[in-house]
Amino acid sequence: MKPNKEKGITLIALVITIIVLLILAGVAIATLTGDNGILSKAVSAKDKTGRAEVIENAKLDIIAIQSDKNGKLTTGDLKGVLDKYFKDVPEEITAEDIATLELKTKDEKHTIKVSEIYNGKLVEASKSKTIADLYDGINNPNEAGYKETGMHIGDYVDYTAGTWSETKAEPTSSEPFTFGGYTAGQSRDTSASGGSMGSGYGYSGWRIWDISEDKQTMTLISAGCPELYYHPYGTNYAYNTEKILTGETTGTIDESQPNTPRIWTNYINTAKYANSARAMKKSDLDMWYGKYINRSITDSWDIDNFPQNTENKLISTVENGYYYWLSSAGNGDGVYRVSPDNRYVDISSDGADGVRLLVSLKFEVKFGETPEKVEHDGFSYNKWIIE
């Protein structure tokens, strides 16, 4: 009989296997933990990514500020961004700081040079002023205490409502209850073309229409008529026009005709602190005329004519060369409008006349303390720059 041969691993083979495993383990550990190991590289990559994110986010903040301030950046603006991401930021940032200063991030994980975030020039910050700082309620140049450098009703403000994205021709009788008179790319701060006064007439920009008694809020009026609206003659059509222009009506509308309210949000520029916009109504003119001209407007048949512009600097705020609607029914058929030829308010229909917008600014709006100058109608007006 043949003896059984037992199969198994020899001691030498076992030792060799263990040695090989130890060698492989050593290589693996070195690959993971060495100076150039996978873990070290991962940590380094994470560190670089975190550092790059801080730089990128800070740069984006600066770009946003410059976009809102026509490319300008003040020392205060830069300090505000640095304070957001870094600790121990100096009270004042200088040109030398931009070139040499290094700061630690809030979590102290990264040290970053200011020049990696911003390496341009800084402009001197103007001293911002509130409405209460600038407006003293004296609007007549002949009144004692009037200040040429002060804020007045009728002054211009550098507000902008953007541009039109589409072209719409002047509305006609074949398409009543509609708007138009502008082209794609045209500024909403300029006047529409066409209507009762023809093309190229009227003012541009935005002017101070009203300041509240507590000097906390300001309402702007479009100096021109950014668009035209066609109001047709017809029973109760004036109430439809009220509804379309203001969202409200004082009578019974004709349900067979258009009456969907126009939403005026395209005139709200949030970057410039506007919070609402609406079409001007006759009650707005009544308020303004009594408050700032000290006369009364009642209805189209019994009103004081507007004083000539040479008599009162403020009148150009109302008279802008256009026939324009006051978004209020004078009767069931006609709508109130301002007539520059006759120099009063009348009631009209079957025409494409202008629409003027009133925009309210938020209470926190501030202005540069030194206004620019605008010459118009033989008068000089201040133009206030929103900060």
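Since the structure is predicted, the reported quantities are computational estimates derived from the model, not experimental observations.

A. Structural view of the overall build of the chain. In terms of helices and strands, the chain carries 7 helices and 19 strands. For the chain, the proportion of its 387 residues judged to be buried stands at 42%. Considering only intrachain contacts with a sequence separation of at least 6, the fraction spanning at least 24 residues in the chain is 59%. Total accessible area on the chain stands at roughly 20400 Å², and carbon and sulfur atoms take up 51% of it.

B. View of helix H6 (residues 237–246). Across the 10 residues that make up H6, a large majority, 8, are buried. Turning to H6, the residues buried within the fold contact strand E5 (179–180), strand E8 (227–231), strand E9 (274–279), strand E12 (324–329), strand E13 (335–339) and strand E15 (351–355). Just downstream of H6, Gly247 is the residue with a positive phi angle, here 85 degrees.

C. Structural view of the sheet that holds strand E6 (residues 206–211). Read from one edge of the open sheet, 7 strands run E9-E16-E7-E6-E4-E19-E18, paired in mixed fashion. Each end of this open sheet is capped by a strand with a single partner; those strands are E9 and strand E18 (372–376). Across 2 bridges, strand E4 (residues 156–157) lies against E6 in antiparallel orientation. Within the sheet, the bridge partner assigned to Tyr156 lies in E6 and is Arg207. Along the sheet, helix H7 (residues 282–293) makes contact with E6, E9 and strand E16 (357–361), crossing E6 at roughly 75 degrees.

D. Quick peek at the nonpolar core. Counting 61 residues, the largest nonpolar core has Met151, Tyr159, Met218 and Phe367 as its most contacted members. With 20 residues, the next largest nonpolar core counts Ile62, Leu78, Val81 and Ile112 among its residues.

E. Examining the pattern of salt bridges more closely. Here the structure, examined in full by the defined rule, presents 12 salt bridges. For Glu116, the salt bridge is made with Arg51, and the minimal N-O distance between the two is 2.9 Å. Highlighted residues: Glu116 in the loop between strand E2 (111–113) and strand E3 (128–129) and Arg51 in helix H2 (residues 38–68), separated in sequence by 65 residues. Connected through shared salt-bridge partners, Asp210, Glu213 and Lys291 make up one network.

F. Examining the pairing of E8 more closely. Counting buried residues in E8 gives 5 out of 5 residues, a clear majority hidden from the surface. Alternating residues of E8 divide into Glu227, Tyr229 and His231 and Leu228 and Tyr230, and every residue in both groups is buried. For E5 and E8, the ladder comprises 2 bridges, and the chain directions are antiparallel. The partner of Phe179 across the bridge, within E8, is Tyr229.

G. Examining H7 more closely. Between its first and last C-alpha atoms H7 spans 15 Å; for 12 residues at 1.5 Å apiece the expected length is 16 Å, and the two agree. Lys282, Asp284, Leu285, Trp288, Tyr289, Tyr292 and Ile293 are the residues of H7 that are buried. The buried residues of H7 occupy an angular sector of 150 degrees when projected down its axis, which confines them to one face.

H. Fine view of a nonpolar patch on the surface. Taken together, the side chains of Leu11, Leu14, Val15, Ile18, Ile19, Leu22, Ile23 and Val27 define a hydrophobic patch exposed on the protein surface, amounting to about 760 Å² of accessible area. Secondary-structure assignment places Ile19 in helix H1 (residues 11–33).

I. Looking closely at the packing of aromatic side chains. One pass over the full model with this rule turns up 12 aromatic pairs. Ring centres of Phe179 and Trp264 lie 5.7 Å apart, and the angle between their planes is 90 degrees; this geometry places the pair in the edge-to-face category. In this pair, Phe179 is assigned in strand E5 and Trp264 in the loop between H6 and E9, connecting sequence segments 85 residues apart. On the basis of relative accessibility, which here comes to 10%, the residue Phe179 falls in the buried class. A connected cluster of aromatic rings, assembled from ring pairs, spans Tyr159, Trp164, Phe179, Tyr182, Trp206, Tyr229, Trp264 and Tyr267. Just above the ring of Tyr381 sits the side chain of Arg207; from NZ or CZ to the centre is 4.7 Å. Its end group placed over the ring of Tyr336, Lys282 keeps NZ or CZ at 4.9 Å from the ring centre.

J. Seen up close, the confidence of the model for the chain. On average, residues of the chain carry a pLDDT of 85, and 85% of them reach 70 or more. Per-element confidence in the chain is highest for H6, whose mean pLDDT is 98, and lowest for strand E11 (residues 302–303), whose mean pLDDT is 40.

K. Here's a closer look at the environment of Ser276. Looking at the element boundaries, Ser276 is found in strand E9. Here Ser276 falls in the partly exposed class, since its relative accessible area comes to 31%. The spatial distance from the C-alpha of Ser276 to the C-alpha of Thr265 is 7.2 Å, given a sequence separation of 11 residues. Those residues in contact with Ser276 that sit more than four places away from it in its chain are Ile268, Leu358, Val359 and Ser360.

L. The environment of Asp155, seen in detail. Relative to the helices and strands, Asp155 resides in the loop between helix H5 (131–134) and E4. The class of Asp155 is buried, set by a relative accessible area of 1%. Considered as a pair, Asp155 and Trp209 are 54 residues apart in the sequence and their alpha carbons are 8.5 Å apart. Those residues in contact with Asp155 that sit more than four places away from it in its chain are Gly150, Trp206, Arg207, Ile208, Tyr381, Asn382 and Trp384. For Asp155, the side chain forms a polar contact with the main-chain nitrogen of His152, separated by 2.9 Å. Within the structure, Asp155 has its side chain in polar contact with the backbone nitrogen of Asn382 (distance 3.3 Å).

The rules we used
Residues numbered from 1 in each chain as written. Predicted model: local features only at pLDDT ≥ 70, side-chain atom pairs only at ≥ 80, totals over all residues. Heavy atoms only, no water. Helix = DSSP H or I, 4+ residues; strand = E, 2+ residues; numbered from the N terminus. Buried < 20%, exposed > 50% of the residue type's maximum accessible area, 1.4 Å probe, protein only. Contact = heavy atoms within 4.5 Å. Areas by Shrake-Rupley, 256 points an atom, 1.4 Å probe, with all protein chains shown as cover. Pairing = 2+ DSSP bridges. Axes fitted to C-alpha atoms, helices over the stretch in contact; angles between N-to-C directions. Core = buried A, V, L, I, M, F, W, Y, C linked by side-chain atoms within 4.5 Å. Salt bridge = Lys/Arg side-chain N within 4 Å of Asp/Glu carboxyl O. Expected span 1.5 Å × (residues − 1). Arc of directions from axis to C-beta. Patch = residues over 30% accessible without salt bridge, like charges linked within 9 Å, V, L, I, M, F, W, Y side chains within 5 Å. Phe/Tyr/Trp six-rings, centres within 6.5 Å; stacked < 30°, edge-to-face > 60°. Lys NZ or Arg CZ within 6 Å of the ring centre and 35° of its normal. pLDDT = per-residue confidence, 0-100. Polar contact = N/O pair within 3.5 Å; in protein donor to acceptor, adjacent residues only side chain to side chain.

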